[in-house]
Amino acid sequence: MKIIPESGYYNSNKFARIFLESIQEITGKNGVNTVLNYANLSALAGNFPPDNLDRAFDFAHFSMINQALEEIYGNRGGRGLALRVGRITFDDVLKDYGALAGVGDLAFRVLPLPKKISIGLQAMAKIFSEKSDQISTVDEVDDSYVYTIERCPVCWGRKEEENPVCFYIIGLLQEGLHWVSGGKEFRINESKCIALGDDVCEFIIYKEPIQ
């Protein structure tokens, strides 16, 4: 597997630890160790980052782990796994964190659904912009929200020919919207991906829930 040079941009240790614990929850200890060995990150096997918010987990390492998932489990299997890991990460890290901590309050629950979605997306973008070196923004258009990431850790240093690869982010967004909406699911498409040569990673989130 191609080794991606270190970027000098970082996720927090806590996010990285939950990311790896989520992979382990799905694949078992042997599974996550196989992924780390394949990604040339065997030093992390049995030695996950500490549970703190220090920015110390390089985007390149995060990206190589995501690439390893696809190469080991195949495109469909690896991407499905990344979606599940993203959803578990939100559930374990973000839902009680910072700007999202009040989402369960009565004042939030009585808001109209579009307002809940807008507040939830803005809160997620703020958390990642403040606690990692990625820059996340949200814009609203007619029938959708546009969630944009600069310096994306999921595809850092990757070059792809055909399809976007940031399924971990889609999983995070899916679970976040499921939570803030009270159990609804939303269609999310990655319309731009830095791995495909785009300037940013861009996710279109359609306002009308699927269910």
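Figured I'd write up the structure that's included with this text. (Residues numbered from 1 in each chain as written. Predicted model: local features only at pLDDT ≥ 70, side-chain atom pairs only at ≥ 80, totals over all residues. Heavy atoms only, no water.)

This next bit is on the overall build of the protein chain. Broken down by element type, the protein chain carries 5 helices and 6 strands. For the protein chain, the N- to C-terminal ordering of α and β elements is β-α-β-α-α-α-β-β-α-β-β. Over its C-alpha trace the protein chain gives a radius of gyration of 16 Å, about what one expects of a compact globule, namely 17 Å for 211 residues. On the principal axes, the C-alpha backbone points of the protein chain span a range of 50 × 35 × 30 Å. Among the 211 residues that make up the protein chain, the fraction classed as buried is 49%. Within the protein chain, contacts between residues at least 6 apart in sequence are counted, and of these 71% link residues at least 24 apart. Total accessible area on the protein chain stands at roughly 9,700 Å², and carbon and sulfur atoms take up 46% of it. For the protein chain, the distance from the average site of its 22 positive side-chain charges to the average site of its 29 negative ones is 4 Å. (Helix = DSSP H or I, 4+ residues; strand = E, 2+ residues; numbered from the N terminus. Rg over C-alpha atoms; globule rule 2.2 N^0.38 Å. Buried < 20%, exposed > 50% of the residue type's maximum accessible area, 1.4 Å probe, protein only. Contact = heavy atoms within 4.5 Å. Areas by Shrake-Rupley, 256 points an atom, 1.4 Å probe, with all protein chains shown as cover. Lys, Arg positive; Asp, Glu negative; His and termini not counted. Charge placed at Lys NZ, Arg CZ, Asp CG, Glu CD.)

For the rest of this paragraph, the subject is the nonpolar core. Core analysis: the biggest nonpolar cluster contains 54 residues, and Leu-121, Tyr-147, Cys-166 and Phe-203 have the highest contact counts within it. Elements with a minimum of two residues in this core: α1 (13–38), α2 (59–94), α4 (113–131), β4 (144–150), α5 (167–180) and β6 (201–206). Element by element, the count of residues in this core is highest for α2, at 10 residues. (Core = buried A, V, L, I, M, F, W, Y, C linked by side-chain atoms within 4.5 Å.)

Spatially, the 4 strands line up as an open sheet ordered β3-β4-β6-β5, and their pairing is antiparallel. At either margin of the open sheet sits one strand with a lone partner, and together these are β3 (135–140) and β5 (188–192). Ignoring which end each strand starts from, the neighbouring axes of this sheet average 25° apart. Note that β4 and β6 share 6 bridges and pair antiparallel. If you follow Ile-149 over to β6, its bridge partner there is Cys-201. (Pairing = 2+ DSSP bridges. Axes fitted to C-alpha atoms, helices over the stretch in contact; angles between N-to-C directions.)

Another aspect to go through is α1. Here α1 contains 26 residues, and its C-alpha end-to-end distance of 21 Å is more than 12% below the 38 Å for a straight helix at 1.5 Å per residue. Thr-27 marks the point of greatest bend in α1, at about 120°. In the segment just after α1, Asn-40 is the residue with positive phi, at about 60°. (Expected span 1.5 Å × (residues − 1). Bend = angle between axes of the 7 residues up to and from the residue.)

Applying the stated criterion across every chain, the model contains 9 aromatic pairs. When the centroid spacing of 4.2 Å and the interplanar angle of 25° are considered together, the rings of Phe-19 and Phe-62 count as stacked. Of this pair, Phe-19 sits in helix α1 while Phe-62 sits in helix α2; the two residues are 43 residues apart in sequence, bridging distant segments of the chain. You'll find Phe-19 and Phe-62 in the same group, each marked buried. With centroids separated by 5.3 Å and ring planes inclined at 70°, the aromatic side chains of Phe-62 and Tyr-168 adopt a geometry described as edge-to-face. Taken as a pair, Phe-62 in helix α2 and Tyr-168 in helix α5 lie far apart in primary sequence, 106 residues in all. (Phe/Tyr/Trp six-rings, centres within 6.5 Å; stacked < 30°, edge-to-face > 60°.)

The next thing to look at is the environment of Tyr-206. Among the secondary structure elements, Tyr-206 is positioned in strand β6. Considering only alpha carbons, one finds Tyr-206 and Ala-39, 167 residues apart in sequence, at a separation of 34 Å. Once you skip the residues sitting within four places of it in the chain, Tyr-206 turns out to touch Asp-143, Ser-144, Phe-186, Arg-187 and Asn-189.

A separate point is a nonpolar patch on the surface. Together, Tyr-38, Ile-72 and Tyr-73 make up a nonpolar patch on the protein surface, roughly 240 Å² of accessible area in all. Inspection of the secondary structure puts Tyr-38 in helix α1. The class of Tyr-38 is partly exposed, set by a relative accessible area of 34%. (Patch = residues over 30% accessible without salt bridge, like charges linked within 9 Å, V, L, I, M, F, W, Y side chains within 5 Å. Salt bridge = Lys/Arg side-chain N within 4 Å of Asp/Glu carboxyl O.)

The next thing to look at is unusual backbone geometry. One non-glycine residue, Asn-40, lies in positive phi territory at about 60°. With respect to the element layout, Asn-40 can be found in the loop between α1 and β2 (55–58). By relative accessible area, which is 43% here, Asn-40 ends up partly exposed.

So far we have only geometry, and geometry alone does not tell us how the molecule works.
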